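If you want the building blocks of each chain, they are given just below.
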Amino acid sequence: AAEGTAKSKSADTAKTSPAEPSTSASGSASSSTAAEGTAEPMTLSLMWKRYGVIAIATHFGVYFATLAGLYGGVSAGLMGQGDEKKEAVEKVAVQLEPYVWKSVVDQIRSNPEFGAFAVAWVTAKFTEPVRLVVTMFLVPKIARRLGRIV
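Rules used in this analysis
Residues numbered from 1 in each chain as written. Predicted model: local features only at pLDDT ≥ 70, side-chain atom pairs only at ≥ 80, totals over all residues. Heavy atoms only, no water. Salt bridge = Lys/Arg side-chain N within 4 Å of Asp/Glu carboxyl O. Helix = DSSP H or I, 4+ residues; strand = E, 2+ residues; numbered from the N terminus. Buried < 20%, exposed > 50% of the residue type's maximum accessible area, 1.4 Å probe, protein only. Patch = residues over 30% accessible without salt bridge, like charges linked within 9 Å, V, L, I, M, F, W, Y side chains within 5 Å. Areas by Shrake-Rupley, 256 points an atom, 1.4 Å probe, with all protein chains shown as cover. Core = buried A, V, L, I, M, F, W, Y, C linked by side-chain atoms within 4.5 Å. Contact = heavy atoms within 4.5 Å. Expected span 1.5 Å × (residues − 1). Bend = angle between axes of the 7 residues up to and from the residue.

A. Structural context of the pattern of salt bridges. A complete count under the given rule lists four salt bridges for this structure. The partner of Arg109 in a salt bridge is Glu90, and the shortest N-O contact between them spans 3.0 Å. Of this pair, Arg109 sits in helix α6 (residues 102-110) while Glu90 sits in helix α5 (residues 83-96), placing them 19 residues apart in sequence. On the basis of relative accessibility, which here comes to 35%, the residue Glu90 falls in the partly exposed class. Glu97 is paired through a salt bridge with Arg109; the nearest N and O atoms lie 3.3 Å apart. Here the residue Glu97 occupies a position in the loop between α5 and α6, and Arg109 occupies one in helix α6, the gap between them amounting to 12 residues. By sharing partners, the salt bridges in this structure join Glu90, Glu97 and Arg109 into a single network.

Encoded structure:
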């Protein structure tokens, strides 16, 4: 029984996991999955495991930059002025009514800055797929820049 255990341990250590680099015939280090041509796609859970806090901080940084830019655009009238802006605020208020307190909806309707923020927040929800791609692009670069090469 001890001999069978020793064999399985040596077989396990001989295998290379996808995250460990392997050496190709040319002597350069590469990922074993990349060498086989079947690279595992980067997912959010894999990104969290590999980069941790850097991934989360980058995601929220991209989100808040997007939200701030959209809020600035709505406030400055770049996304509509006058009646167009009031119409957008009213549409957001109507959509939020079933989900938030009446006092919040009243604030959205009566306070121009709060209304502009609500429009920017809803608009930011539509940018999620693009923000995700930007985050996945930036995280490895930021990790390398910070000296946390993974």
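B. Broad picture of a nonpolar patch on the surface. Together, Trp48, Val53, Ile56, Phe60 and Phe64 make up an exposed nonpolar region whose accessible area comes to about 530 Å². Ranked by residue count, the leading element in the nonpolar patch is helix α4 (residues 53-75), at four residues. Its location among the elements puts Ile56 in helix α4.

C. Expanded view of the nonpolar core. Residues Val74, Val89, Val92, Ala93, Leu96, Val105, Ile108, Ala116, Ala118 and Val119 constitute the largest nonpolar core, which totals 10 residues. At the level of elements, α5, α6 and α7 (112-126) are the ones that each hand at least two residues to this core. The element that contributes the greatest number of residues to this core is α5, accounting for four residues. With residues up to four places along the chain from it excluded, the contact list for Leu96 reads Val105, Ile108 and Trp121. Among the nonpolar cores identified, the runner-up in size contains six residues, and Met47, Tyr51, Ala55 and Ala143 belong to it.

D. How the structure looks around helix α8 (residues 128-145). In this model, α8 (18 residues) spans 25 Å end to end at C-alpha, consistent with the 26 Å of a helix rising 1.5 Å per residue. Leu138 marks where α8 bends most, by close to 30°; the proline Pro140 follows one to four residues later. On the buried face of α8, the contacting elements are α3 (44-51), α4 and α7. Positive backbone phi, at 85°, marks Gly147, one or two positions downstream of α8.

All we've got here are geometric facts, nothing functional implied.
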